[in-house]
Amino acid sequence: MSKSAVNRIGILTSGGDAPGMNAAIRSAVRTASGLGIECVGILRGYNGLMTGDFIKLGEEEVKGITGRGGTMLFTARSQEFMTDEGFQRAVNTCKFMGIDGLITIGGDGTFQGALKLSKAGVKVVGVPCTIDNDIGCTTYTIGFDTACNTAIEAVDKLSDTMQSHERCSVVEVMGRRSGHLALNVGIATGATITMIPEFPVNFEKDVIDRIRSARIAGRTHFTIIVAEGIEPVNDIAHKINETTGIETRVTTIGHIQRGGAPLVRDRVTASLMGNRAVMLLAAGEDGSVVVMDGDQCTDLDIEAALRMKKALDPDAYHLLSALTS
Ligand code: F6P
């Protein structure tokens, strides 16, 4: 007989996948198993919660998945769950299937869904997992480091060929509406310019003049990192080409950033968070999110957590120009 406040935990991954989701699932399942709590995997995020699309999730099912990218539970962004009818179906499924605790792994949208479920009486704990690192309540989201490294590797490779041809490379990275990914990639690759939504640029002064002065200083190739959604990268490349005469090429790194084996930071963070999520539910906690406060894995009330905004570090942004010749 388990001494836990819950007997059956449902686990789902929702929103964009991120490297480390599998590690979080494995950690949660193994922790639960150690406490005598049963786990079920809910497939395709909130869609599976509405349709009752569940799988058994025991020690055997999660064997060897820590290093695997993607999510073994599949993921989706569910429009239907946002409707009153869809939401009610999800709540009913939880009752019908005897789910007395739910772990939702994903980004901001996933947390919004978790809050709604918590208000409807479902015991829920959120685990932040998105390559965007844009969730206000946590200093770190699972997947960010691996995605940054994937983008950095691509930019380094581009830099080699741009150097050979003395070209300019305009590279679009992901990030939804935030510039955390682009900023880190810009700093780590020594980009000529990094364009992020939090700090709008004056194109003539901040892009064209910067390329010109870098050229005068002796640079022969240039890298412009652009956070998605700022301006079409083809337009940016065209303007650079026209104004400076430098042959310019465009690369959109895209979904490659979401895949791949998670790096150590994501494996470890996911393992800490998956464990804590189960411990919270077992202790009778409800309506929480697991967060990183610096290096510390802790938790917050989900409603308060969702009100928190994450500012981009202005010092890191100013470092970009300080490091550009
Ligand atoms: O939130 C993760 C993310 O990869 C964002 O960076 C990007 O804007 C979005 O998801 C892309 O979503 P989709 O996979 O639906 O194209």
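J.: Could you give an account of a nonpolar patch on the surface, naming the residues involved and the relevant values?
T.: Where nonpolar side chains cluster on the molecular surface, the patch consists of Val264, Val268 and Leu272 and spans about 260 Å² of accessible area. Examined against the element boundaries, Leu272 turns out to sit in helix 9 (residues 264-282). In this structure Leu272 comes out as partly exposed when scored by relative accessible area, which is 40%.

J.: I'd like a description of the pattern of salt bridges, backed by residues and values.
T.: A side chain of one charge can pair with a side chain of the opposite charge when the charged atoms of the two come close. This structure, assessed with the given rule, holds 18 salt bridges. Lys119 is paired through a salt bridge with Glu303; the nearest N and O atoms lie 3.0 Å apart. With a gap of 184 residues between them, Lys119 in helix 4 (residues 108-119) and Glu303 in helix 10 (residues 302-307) connect regions that are remote in the sequence. You can call Glu303 partly exposed: its relative accessible area is 33%.

J.: Tell me about the sheet that holds strand 5 (residues 124-128), and name the residues and values.
T.: Strand order in the open sheet formed by seven strands is 3-2-1-4-5-10-11, and the pairing between neighbours is mixed. The open sheet is flanked by strand 3 (54-56) and strand 11 (296-301), the only strands paired with a single partner. Geometrically, the sheet is characterised by an average inter-axis angle of 30 degrees between neighbouring strands, direction not taken into account. Pairing between strand 1 (residues 8-13) and strand 2 (residues 38-42): four bridges, direction parallel. Along strand 2, the bridge assignment pairs Ile11 with Gly41. Across the face of the sheet, helix 4 comes into contact with strand 4 (101-106), strand 5 and strand 10 (288-293) while running at roughly 165 degrees to strand 4.

J.: Which residues make up the sheet that holds strand 9 (residues 248-252), and what values go with them?
T.: Pairing in this open sheet of four strands is parallel, and the strands run 7-8-6-9 from one edge to the other. Either end of the sheet is taken by a strand with one partner, and the two such strands are strand 7 (193-195) and strand 9. Direction aside, the axes of adjacent strands within the sheet are offset by 15 degrees on average. Here strand 6 (residues 168-173) pairs with strand 9 via five bridges, running parallel. If you follow Val170 over to strand 9, its bridge partner there is Val250. Across the sheet, helix 5 (residues 144-165) touches strand 6, strand 8 (222-227) and strand 9, and the angle it forms with strand 6 is around 165 degrees. Packed on one face of the sheet, helix 8 (residues 233-244) meets strand 6, strand 7, strand 8 and strand 9 and runs near 165 degrees to strand 9.

Calculation criteria
Residues numbered from 1 in each chain as written. Predicted model: local features only at pLDDT ≥ 70, side-chain atom pairs only at ≥ 80, totals over all residues. Heavy atoms only, no water. Patch = residues over 30% accessible without salt bridge, like charges linked within 9 Å, V, L, I, M, F, W, Y side chains within 5 Å. Areas by Shrake-Rupley, 256 points an atom, 1.4 Å probe, with all protein chains shown as cover. Salt bridge = Lys/Arg side-chain N within 4 Å of Asp/Glu carboxyl O. Helix = DSSP H or I, 4+ residues; strand = E, 2+ residues; numbered from the N terminus. Buried < 20%, exposed > 50% of the residue type's maximum accessible area, 1.4 Å probe, protein only. Pairing = 2+ DSSP bridges. Axes fitted to C-alpha atoms, helices over the stretch in contact; angles between N-to-C directions. Contact = heavy atoms within 4.5 Å.

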